[in-house]
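Single-letter residue listing:
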Amino acid sequence: MSEQYVSMWKDLGLDLEAHDMLLEVLGKGYQDIYRNQKERPEGMSYFDFVLSEVHGLRIKELMDEKAAGRKVIGSFCVFVPEEIVRAVDATLVGLCTGADFATEEVEKILPRNTCSLIKSAFGFKLGKVCPYMESADMIVGENTCDGKKKSYETLQNLVPNLYVMDLPQMKSDEGRALLRAEYFRFKEAVEKLTGVSIDAERLKKGIAMVNNKRKAIHRLSLLRKADPAPISGLDALLANQVFFYDDPVRYTDSVNKICDELESRIEKKEGPFPKGAPRILMSGCPMAVPNWKLPWIIESSGGVIVGEESCVGERGTRNLVNDGGNTVDDLMEAVVDRYFKVDCAIFTPNPDRLTHVEEMFREYKADGVIHYGLQFCQPYIVESMPVEKSLEEKGIPTLRIETDYGMEDVGQLKTRVEAFLEVLKP
Ligand code: BJ8
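This section reports on the structure supplied with the text. What you see is a predicted model; the values in this text were computed from it and never measured. (Residues numbered from 1 in each chain as written. Predicted model: local features only at pLDDT ≥ 70, side-chain atom pairs only at ≥ 80, totals over all residues. Heavy atoms only, no water.)

Okay, the overall build of the protein chain next. Secondary structure summary: the protein chain contains 19 helices and eight strands in total. Against the compact-globule benchmark of 22 Å for 426 residues, the protein chain has a radius of gyration of 21 Å, which places it among compact chains. Dimensions along the principal axes, computed over C-alpha positions, put the protein chain at roughly 60 × 50 × 45 Å. Looking at the 426 residues of the protein chain, the share that counts as buried comes to 58%. Long-range pairs, those at least 24 residues apart, make up 76% of the contacts in the protein chain between residues at least 6 apart in sequence. Accessible area of the protein chain: about 17,500 Å², with a carbon and sulfur share of 52%. (Helix = DSSP H or I, 4+ residues; strand = E, 2+ residues; numbered from the N terminus. Rg over C-alpha atoms; globule rule 2.2 N^0.38 Å. Buried < 20%, exposed > 50% of the residue type's maximum accessible area, 1.4 Å probe, protein only. Contact = heavy atoms within 4.5 Å. Areas by Shrake-Rupley, 256 points an atom, 1.4 Å probe, with all protein chains shown as cover.)

Shown next, in the form of structure tokens:
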């Protein structure tokens, strides 16, 4: 990324030296993992560009929006409803949580045995290297897992603009009522932040924009049913990750263009992996940029990932908001209905997730499931056991992996993944 952004980063209060280091590591990781793949769809050049400008041009766009009076809202969770943010002409961005940074500093204020995702958010803040966090006018935390919920009490002291959204833990009528009340409270908060009052027309527009984005990425997902899969899991993951950063209209167009290309690849039976390569469904914790470790291990060992049962994947993108209502209240109810279906492991009990993993396994014609749990993530690690049990009862091979953002366990993980892929071979 070029010199032209230095003054912007300085104005945002970034630590330029640390930020340079981060960009260097990110660039190298991207080169090694992404650019070295074979037979990538041409349309992925768009995502190469987005990634190369993720702290540059995209931040410049956000700064331009702010200069024009629009607001930027940062989020850590797919429960933050983008439709409501769009309805006030604000922009929702996912905050950086996919890499270790300033770990020593983080462990002075959070226990060492906190999951990497939470530590990463704090590391980017303490290390002053996340331009998204620094440009946000409001940062939304959500009471999901205990780690996040409690760490927001500490984050409150580090950022001036944290808004905490309460979330239900049970799929009951009371749970839905809580989500509904919280979404109305959030609506009021963003109206206050922006000075824009949401009417039905605005909310409908927001819903349409986000629905279109979800339709496009879901179209891409469905194309991965083909054998050979027309796109690698790494590239599909990247498209899912960029979902949280990019301009939504441009993103939708770019994903649809790739889908057109993938359709013609499917006709020609082309793909980055040979027909018959072991097909993997990933399930578990979300993988934020640049967390590509496990997918890279799987695909460099000859497996192809054909789906992600994850918030950076289908858990985050399945289901659209019904845009048929004509009043703000009707449309808000539809927003609540859509998000209340998200089957995050913070819910108890959470039987829908077990059903979805199995459905996805069958729909994407996978040969096995790899469950990815971040170390110290209680909800997903505890739930990985019933997931494994229910899959194995149906004869579906499953491998449970627990890891973090460090690279120390790459060799060991590779050995386990290779052995699993061997079992899946016909
Ligand atoms: S809806 S998955 S994005 S909460 S990995 S921080 S759960 S200890 S990220 Fe999530 Fe929303 Fe749920 Fe999705 Fe806690 Fe686990 Fe860490 Fe996690």
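Attention now goes to helix α12 (residues 233–242). Burial runs high along α12: 10 of the 10 residues are buried. Among the residues of α12, those classed as buried are Gly233, Leu234, Asp235, Ala236, Leu237, Leu238, Ala239, Asn240, Gln241 and Val242.

For the rest of this paragraph, the subject is the packing of aromatic side chains. By the definition in use, this model includes 15 aromatic pairs. Put simply, the rings of Tyr46, Phe47, Phe243, Phe244 and Tyr251 touch in pairs and so form one group of aromatic residues. A cation sits over an aromatic face here: lysine 171 above phenylalanine 340, 5.8 Å from the ring centre. (Phe/Tyr/Trp six-rings, centres within 6.5 Å; stacked < 30°, edge-to-face > 60°. Lys NZ or Arg CZ within 6 Å of the ring centre and 35° of its normal.)

With 131 residues, the main nonpolar core has Phe47, Phe79, Tyr132, Tyr183, Phe186 and Trp292 as its most contacted residues. Per-element tally for this core: the top contributor is helix α16 (residues 328–340), with eight residues. Apart from the residues within four sequence positions on either side, phenylalanine 186 is in contact with Val80, Pro81, Ile84, Val85, Met138, Val140, Tyr163 and Met165. Of all hydrophobic cores here, the second largest spans 15 residues; its members include Ala229, Phe361, Tyr364 and Ile396. (Core = buried A, V, L, I, M, F, W, Y, C linked by side-chain atoms within 4.5 Å.)

A few words on the pairing of strand β2 (residues 91–94). With burial as the criterion, each face of β2 is covered, one bearing Thr91 and Val93 and the other bearing Leu92 and Gly94. Examined bridge by bridge, strand β1 (residues 72–75) and β2 share four bridges and lie parallel to one another. When the bridges of β2 are listed, isoleucine 73 appears paired with leucine 92. (Pairing = 2+ DSSP bridges.)

The interhelical angle for the contact between helix α2 (residues 16–35) and α12, taken along N-to-C directions, is 130°, at an axis separation of 10 Å. Compared by their axis directions, α2 and α12 come out oblique. Contacts between α2 and α12 involve Tyr30, Ile33 and Tyr34 on the former and, on the latter, Leu234, Asp235, Leu237 and Leu238. When the residues that make up the contact of α2 with α12 are grouped by side-chain class, the tally is six nonpolar, no polar and one charged. (Axes fitted to C-alpha atoms, helices over the stretch in contact; angles between N-to-C directions. Parallel < 35°, antiparallel > 145°, perpendicular 65-115°, else oblique. Nonpolar A, V, L, I, M, F, W, Y, C, P; charged D, E, K, R; others polar.)

Quick look at the sheet that holds strand β8 (residues 398–403) now. Strand order in the open sheet formed by four strands is β6-β5-β7-β8, and the pairing between neighbours is parallel. Looking at which strands have only one partner, the edges of the open sheet turn out to be β6 (304–309) and β8. Averaged over all neighbouring strand pairs, the angle between strand axes comes to 25°, with direction disregarded. Sheet analysis places strand β5 (residues 279–284) next to β6, joined by five bridges and oriented parallel. Of the residues in β6, the one forming a bridge with isoleucine 280 is isoleucine 305. Running at roughly 165° to β5, helix α17 (residues 351–363) makes contact with β5, β6 and β7 (368–374) of the sheet. Strands in contact with helix α19 (residues 410–424) are β5, β7 and β8; relative to β8, the strand with the most contacts, it is inclined by about 170°.

For the structure on display, the rule yields 43 salt bridges. Close ionic contact of glutamate 65 with arginine 70 constitutes a salt bridge, the shortest N to O distance being 3.9 Å. Since its relative accessible area comes to 12%, glutamate 65 is described here as buried. Among the ionic contacts, a cluster of salt bridges with common partners joins Glu309, Arg315, Arg318, Asp343, Arg353 and Glu383. (Salt bridge = Lys/Arg side-chain N within 4 Å of Asp/Glu carboxyl O.)

What follows covers the sheet that holds β2. Each strand in a sheet pairs with its neighbour through backbone hydrogen bonds, running either in the same direction (parallel) or in the opposite one (antiparallel). Pairing within the open sheet is parallel, and its four strands lie in the order β2-β1-β3-β4. A single partner strand is all that each edge strand has here, and the edge strands are β2 and β4 (162–165). Each strand of the sheet is rotated relative to its neighbour by a mean of 30°, with strand direction disregarded. On the sheet, helix α4 (residues 57–67) packs against β1 and β2 and is oriented at approximately 150° with respect to β2.

Along the chain, glutamate 65 falls in helix α4. Residues within four places of glutamate 65 in sequence aside, it is in contact with Arg58, Arg70 and Thr91.

This part is about the side chain of lysine 119. By secondary structure assignment, the location of lysine 119 is in helix α7 (residues 116–126). Residue classification places lysine 119 among the buried positions, given a relative accessible area of 13%.

Attention now goes to the packing of α12 against helix α14 (residues 293–300). At their nearest, the axes of α12 and α14 sit 9 Å apart, and the two run at 155° to each other. The orientation of α12 with respect to α14, classified from their angle, is roughly antiparallel. Residues Gly233, Leu234 and Leu237 of α12 form the contact with α14, whose participating residues are Pro295, Trp296 and Glu299. When grouped by side-chain class, the residues that make up the contact of α12 with α14 number four nonpolar, one polar and one charged.

In short, the description is geometric, and any link to function would need to be established separately.
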